[in-house]
Amino acid sequence: MQAEAKQTVSKAIFQRMGSLVGLVVIFVALSLISSDFLTVSNMFNVLRQISINALIAFGMTFVILTGGIDLSVGSIFALSSALAAGMMASGTDPFVAIMVGLAAGAVMGAANGILIAKGKVAPFIATLATMTVFRGLTLVYTEGKPITGLPDSFALFGKGFFLDIPMPIIWMLIAFAILYVILKHSTFGRHVYALGSNEEATKLSGINTSRVKIFVYSISGLLAALSGIILTSRLNSAQATAGMSYELDAIAAVVLGGTSLSGGKGWIVGTLIGAMIIGVLDNGLNLLNVSSFYQQVVKGGVILIAVLLDRSKSK
C-alpha cells in the first residue's frame, strides 16, 4: 500500500513538473540559438505579451476544472474593451469606464453560466453561441471601426510602470496571487474541484453546483474583460476584431499546465507555466524570423500535443 501511495505521489509530481521541464528546455534552446533572446528588455517584452493570454487562461482554468469550456472569451475580450473605450471616447472618466467594462465582462460570463447551469446547455454549445452573439454585438457597437481618441491617463493602465515593472505584468501577478489563494485555500476553490471530479456527488453533498458554475464563468468573463482593457490601453484603440482565436491560446495554456480537460484535476501555477511556454515559443519564433504561417502550424501542434498528453494522463 505504501509503495502504491509513493508511486501515485511521484506520478502526480512528474505530471505537474513536466510543463516546467518543457519550459526550461525551450528557454535554454532559444537562449543558445538566438543571442537576442536572453536580454532584460526581451524578457520584459515576453512577460508583457504573456500577461494577456495568462489572464484569460487563469479564468479558463476555473472553467475547465469544473469540466466545462469557454469559447466566448475572445468575444467578451473585444466587447468589454470596446464598451470601455467607447465610453472614454465620449468623455467618461477612465476609472468609471474600466469598471463598466469589467462589470460587462462578468455579466457576459454569468450569462454563459446561467445558460449552462440553469438552461442545461452543453458548455461547448452555449459558449459557441455566445461567442458569435458577443462578436456580433461588438461589430454593431463599433460599426466595424476602431475606437480611438482615448485619454492619455488611460495609457497608464497598460503602458505604465510600477517599480520599473510594466503594468500588464503587475496586473497578471495580482490576479495570479488572488486566484491561487481562492483555488488553494477557499471553500469555493474546493467546490470547483469537487464539481469537476463528480458533479452528481457534489450536488448530493449539498453544494449549489449551479451557483458555482455561474461564479466560475463570471470569473472567466471578468478576466477576459481585464485582459481586453489592458491591451486596448497598450494599443490606444479598441478593435472589433480583437481577441479572435484567443480562446485557443488560453485552452492550450491550461492543458499544457497540467489541468485535465475532463475536470477536477489541475493547478493555476501550471497554467502560468503553460502561458509562458506559448509566449516564449511565439517570441523565439519571431526572433528567428519564422513566418507567421509556420507559427500557426507550431501553435496548432502544441495544442494537439497538449490534448494527447491529457488523454494519456487520463488513461
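Criteria and cut-off values
In this numbering scheme, every chain counts its residues from 1 along its sequence in written order. Only residues with pLDDT of 70 or above have their local features reported here, since the model is predicted, and side-chain atom pairs are shown and tallied only from 80 upward, although totals for entire chains, interfaces and linings are computed over all residues. The basis for every side-chain value is the complete set of non-hydrogen atoms in the structure, without hydrogens or water. Two kinds of site are reported from a 1 Å grid over the protein atoms alone, namely cavities, where a 1.4 Å probe fits but cannot get out, and pockets, open sets with protein on both sides within 12 Å along at least five of seven lines, and residues are called lining when an atom falls within 4 Å of a point. Grid points are joined across faces, edges and corners, and a volume is the space filled by probe spheres set on the points. Each residue receives one of three labels: charged for Asp, Glu, Lys and Arg, nonpolar for Ala, Val, Leu, Ile, Met, Phe, Trp, Tyr, Cys and Pro, and polar for the others, Gly being one of them. Put simply, DSSP marks the helices as runs of H or I at least four residues long and the strands as runs of E at least two long, and each gets a number from the N terminus on. Categorising residues by exposure relies on relative accessible area from a 1.4 Å probe, with only protein chains included: less than 20% of the type maximum marks a residue as buried, more than 50% marks it as exposed, and the intermediate range marks it as partly exposed. The salt bridge criterion pairs a side-chain nitrogen of Lys or Arg with a carboxyl oxygen of Asp or Glu, the two atoms within 4 Å. The axes are straight lines fitted to the C-alpha atoms, using for helices just the contacting stretch, and the angles between their N-to-C directions are given from 0 to 180°. Under this scheme an angle from 65 to 115 degrees is roughly perpendicular, one under 35 degrees roughly parallel, and one over 145 degrees roughly antiparallel; angles in between are oblique. Any two residues having at least one pair of non-hydrogen atoms within 4.5 Å are treated as being in contact. Each patch is built from residues lacking any salt bridge and having more than 30% relative accessible area; the joining distance is 9 Å for like charges and 5 Å for nonpolar side chains (Val, Leu, Ile, Met, Phe, Trp, Tyr). Accessible surface area values rest on a Shrake-Rupley calculation with a 1.4 Å probe, where residue burial reflects the displayed protein chains alone.

J.: Can you help me understand the layout of surface pockets in this one?
T.: Rolling a probe over the atoms, with the probe sized like a water molecule, indicates the empty space that remains. Looking at the largest pocket, its volume works out to about 730 Å³. Lining the largest pocket are 25 residues, and of these Tyr246, Asp249, Ile278, Asp282 and Lys299 sit closest to its centre. By residue class, the composition of the lining of the largest pocket is ten nonpolar, eleven polar and four charged.

J.: Mind showing me how you'd approach unusual backbone geometry here?
T.: It is generally the case that most residues other than glycine have a negative phi and that most peptide bonds are trans. The backbone of lysine 120 sits at a positive phi, close to 60°, despite the residue not being glycine. For lysine 120, the position within the fold is in the loop between helix 4 (94-117) and helix 5 (123-142). Here aspartate 164, not a glycine, exhibits a phi torsion of approximately 70°, which is positive. Judged by its relative accessible area of 65%, aspartate 164 is exposed.

J.: Please clarify how the pattern of salt bridges should be interpreted in this entry.
T.: Where charged atoms from two side chains of opposite charge approach closely, those side chains can pair. Scanning the entire structure with this criterion turns up one salt bridge. In this structure, lysine 213 engages glutamate 199 in a salt bridge whose closest nitrogen and oxygen atoms are separated by 2.9 Å. With lysine 213 in helix 10 (residues 209-235) and glutamate 199 in helix 9 (residues 199-204), this pair connects stretches of sequence that are 14 residues apart. Since its relative accessible area comes to 14%, lysine 213 is described here as buried.

J.: What's the story with the packing of helix 2 (residues 40-65) against helix 10 in this structure? I'm lost.
T.: When two helices pack together, their arrangement is given by the angle between the helix axes and the distance between those axes. Two elements in contact, helix 2 and helix 10, have axes whose closest approach is 7 Å; the angle formed by their N-to-C orientations is 170°. Relative to helix 10, helix 2 is oriented roughly antiparallel. When helix 2 is examined against helix 10, the residues Arg48, Ile52, Leu55, Ile56, Phe58, Gly59, Met60, Phe62 and Val63 are found in contact with a partner set consisting of Val216, Tyr217, Ile219, Ser220, Leu223, Ala224, Leu226, Ser227, Ile230, Leu231 and Arg234.

J.: Can you walk me through a nonpolar patch on the surface in this structure?
T.: Together, Leu20, Val24, Val28, Leu32, Ile33 and Leu288 make up an exposed nonpolar region whose accessible area comes to about 540 Å². Within the fold, valine 28 resides in helix 1 (residues 2-33). Judged by relative accessible area, valine 28 falls into the partly exposed class, the value being 44%.

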